[in-house]
Amino acid sequence: MSEVERQVRIFDTTLRDGEQTPGVSLNVEEKVEIARQLERLGVDVIEAGFPIASPGDFAAVQAVARQVRGPVIAGLARAVKGDIDRAWEAIREAERPRIHTFIATSPLHMERKLRKSPEEVLAMAVEAVRYARSLTPDVEFSAEDATRSEPEFLARVVAAAIEAGATTINIPDTVGYTLPAEFARLLTYLREAVPALAEVTLSVHCHNDLGLAVANSLAAVQAGANQIECTINGLGERAGNAALEEVVMALRTRSDLFGVRTGIVTEQIYRTSRLVSSLTGVPVQPNKAIVGANAFAHESGIHQDGVLKDRRTYEIMTPESIGLPKSRLVLGKLSGRHALRQRLQELGYTLPEEEFQRTYEKFLALADRKAEVADEDLIALVEGEVVSVPATYELEYLHVASGNTTVPTATVRLRRGEERLEEAACGDGPVDAVYRAIDRLTGVHTRLTEYSLKAVTGGKDAVGEVTVRIQDDGQVFIGRGASTDIIEASARAYLHALNKLLYERSRGAR
Ligand code: KIV
Ligand code: ZN
């Protein structure tokens, strides 16, 4: 196969390592929603979770395995039988299941964490791979903390894992310690020391502690890696993992240098990034490469002039190539259902009739307040409709009195089925007053641990998007709400999180 044809597989671990981002917690429905989008994005492997970690994780991996077709579905397991059994149980109904088993190989991890000798670790790796292979033909083995391992010992473990039946060998830079040239040297050494590596997939998994996860992954591709593990928006433990969108667009934009291709439908990148940000509640920084709000914005006069004359002067890739919406059609209150449906389809959203109807009603209400509805507003509306759980409570009416010399007061009316419930409350500010009224109405008292507000577009009539995190019994629930009225957006976000909490409680009660 020529260099130009070499395919690099994209292994997405947003639902596993990405979910290890502090403060992130996704329910089963949200994980399935993300997995379906990853399928549209064209990833080769979805690591859906760590089934032994919790019953919730198990249920999510199983749901993804049952419902998502196309990509390989991987479940993570430590190199012990109990983990492997649980992972297999969760993924066995997948069209293409993979067991991903791992054990640490660095002196520090073996001595201090595992309290095992190198020989014991090697034996555990072999046994785990052999056992996993008895369950499924697709087995990945990872040598955790590989970049701080003794290269000779690492090579022995890798050779033994292949011998035991591993079909993918993953070399993780678990703590984001290595540098690109050094990582490339390690992979080159391993390929020479373990000729059998040529017969399996050589994968890398880089963390971003020194901001080098993407650079290290790209260096690995040049050194022969043919699978990259990464996450959407670079989510993950601590400083995160290699960002999928950056790795993929670097490989594509500099294909002259890399001579490889991926199966990623790059036009789905922006939508995937938005969805993950919205469901995890982790915002994308404005200057983030590829998917940040400023990634294709040109501020200085010289740059604007250049771009107007020829975009290539200051753009190395097109916004269209990542599916960034560019308004060609401005929607307003006279735009009909047809125009809205068409624009949504252009943005990649084909909604079922009921969901479309709700979005259309929200669109009309928005267009009443805002003369021109931008693509970003529409995305916020649609994603506000991605109600991942049944809404026990819905906001019907909200009135707030606030000012610099008044005690903020809120009156809130909620609908619960056919019932209408109304309450008033005072607070430290208008949002606090609304949240207190909602707490009284629902009888649910939680801890609000985070509140953030961002304007979706520019201008005084911009749609405000509120994200909240509430905590109940150690569990975190994230809620989002969008409206041109930031108090209403705040109420919607809070109710969204509360509805998720109530849904979770009702499931627990079953
Ligand atoms: O960072 C790491 O080493 C991991 C392994 C489990 C692959 O996430
Ligand atoms: Zn990791």
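Refer to the structure presented above.
This section reports on the structure supplied with the text. (Residues numbered from 1 in each chain as written. Chains lettered and ligands numbered in written order. Predicted model: local features only at pLDDT ≥ 70, side-chain atom pairs only at ≥ 80, totals over all residues. Heavy atoms only, no water.)

Right, let's talk about the nonpolar core for a bit. Counting 118 residues, the largest nonpolar core has Ile 73, Phe 141, Ile 169, Ile 171, Leu 197 and Leu 378 as its most contacted members. Grouped together as the second largest cluster of nonpolar side chains are 29 residues, Tyr 435, Ile 438, Ala 497 and Leu 501 included. (Core = buried A, V, L, I, M, F, W, Y, C linked by side-chain atoms within 4.5 Å. Buried < 20%, exposed > 50% of the residue type's maximum accessible area, 1.4 Å probe, protein only.)

Take the site of ligand 1 next. The environment of ligand 1 is formed by Arg 16, Asp 17, His 100, Phe 102, Ser 142, Glu 144, Asn 170, Pro 172, Thr 174, His 205 and His 207. With respect to ligand 1, the side chain of Arg 16 contributes an N or O atom lying 2.9 Å from an oxygen atom. The separation between an oxygen atom of ligand 1 and a polar side-chain atom of Asp 17 is 3.1 Å. If ligand 1 stood free it would expose 260 Å²; the protein chains cover 94% of that surface. Looking at the shell around ligand 1, its residues break down into two nonpolar, six polar and three charged. (Near = heavy atom within 4 Å. Polar contact = N/O pair within 3.5 Å; in protein donor to acceptor, adjacent residues only side chain to side chain. Areas by Shrake-Rupley, 256 points an atom, 1.4 Å probe, with all protein chains shown as cover. Nonpolar A, V, L, I, M, F, W, Y, C, P; charged D, E, K, R; others polar.)

Turning next to a nonpolar patch on the surface. On the surface, Leu 448, Tyr 451, Leu 453 and Ile 486 cluster together to form a nonpolar patch covering roughly 320 Å² of accessible area. It is strand β12 (residues 447–455) that provides the largest number of residues to the nonpolar patch, a total of three residues. Among the structural elements, Leu 453 can be located in strand β12. Judged by its relative accessible area of 41%, Leu 453 is partly exposed. (Patch = residues over 30% accessible without salt bridge, like charges linked within 9 Å, V, L, I, M, F, W, Y side chains within 5 Å. Salt bridge = Lys/Arg side-chain N within 4 Å of Asp/Glu carboxyl O. Helix = DSSP H or I, 4+ residues; strand = E, 2+ residues; numbered from the N terminus.)

Let us look at the coordination of the zinc ion (ligand 2). Donor atoms from the polypeptide that coordinate the zinc ion (ligand 2) comprise Asp 17 (OD), His 205 (NE2) and His 207 (NE2), at 2.0 to 2.1 Å from the metal. Mapped onto the polypeptide sequence, the residues donating to the zinc ion (ligand 2) form the spacing pattern D-x187-H-x1-H. With Asp 17 in the loop between β1 (9–12) and α1 (28–41) and His 207 in the loop between β7 (201–206) and α8 (213–222), the pair connects residues that are 190 residues apart, well separated along the chain. Exposure class is identical for Asp 17 and His 207. Each is buried. (Donors = N, O, S within 2.8 Å, 3.2 Å for Na, K, Ca; no water.)

This paragraph deals with the sheet that holds β7. As summarised here, the arrangement of the eight strands in space is β1-β2-β3-β4-β5-β6-β7-β8, forming a closed barrel in which the pairing is parallel. Ignoring which end each strand starts from, the neighbouring axes of this sheet average 25° apart. In this structure, strand β5 (residues 139–144) lies alongside strand β6 (residues 168–173), joined through three bridges in parallel fashion. Bridged to Ser 142 within β6 is Asn 170. (Pairing = 2+ DSSP bridges. Axes fitted to C-alpha atoms, helices over the stretch in contact; angles between N-to-C directions.)

Quick look at the pattern of salt bridges now. For the structure shown, the criterion picks out 38 salt bridges. Here Glu 320 ties to Arg 311 by a salt bridge, and the two come within 2.8 Å at their closest N and O atoms. Owing to a relative accessible area of 31%, Arg 311 belongs among the partly exposed residues under this scheme. Residue Glu 396 is joined to Arg 413 by a salt bridge in which the shortest nitrogen-to-oxygen separation is 3.2 Å. Note that Glu 396 is positioned in strand β9 (residues 394–401) and Arg 413 in strand β10 (residues 409–416), a separation of 17 residues in sequence. Judged by its relative accessible area of 30%, Glu 396 falls in the partly exposed class. On the accessibility criterion, Arg 413 (25% relative accessible area) is partly exposed. The structure contains a network of salt bridges with shared partners spanning Glu 394, Glu 396, Arg 413, Arg 415, Arg 420 and Glu 422.

Following the criterion strictly, the structure yields one cavity of 30 Å³ or more and no others. By volume, the largest cavity amounts to about 30 Å³. In terms of lining residues, the largest cavity is bounded by Leu 41, Ile 232, Leu 244, Glu 245, Ile 269, Thr 272, Ser 273 and Val 291. Listing elements by their share of the lining of the largest cavity, those giving two or more residues are α9 (244–253) and α11 (269–280). Ranked by residues supplied to the lining of the largest cavity, first place goes to α11 with three residues. Counted by class, the lining of the largest cavity contains five nonpolar, two polar and one charged residues. (1 Å grid on protein atoms, 1.4 Å probe; cavity = no way out; pocket = protein on both sides within 12 Å on 5 of 7 lines; lining within 4 Å. Points joined across faces, edges and corners; volume = space filled by probe spheres on them.)

Read from one edge to the other, the open sheet built from three strands follows the order β9-β10-β11, with strand pairing classed as antiparallel. The outermost strands of the open sheet, each flanked by one partner alone, are β9 and β11 (419–426). The average angle at which neighbouring strand axes cross in this sheet is 15°, direction not considered. Judged from the seven bridges that link them, β9 and β10 form a sheet pairing that is antiparallel. Each residue of the ladder has a partner; that of Leu 395, found in β10, is Leu 414.

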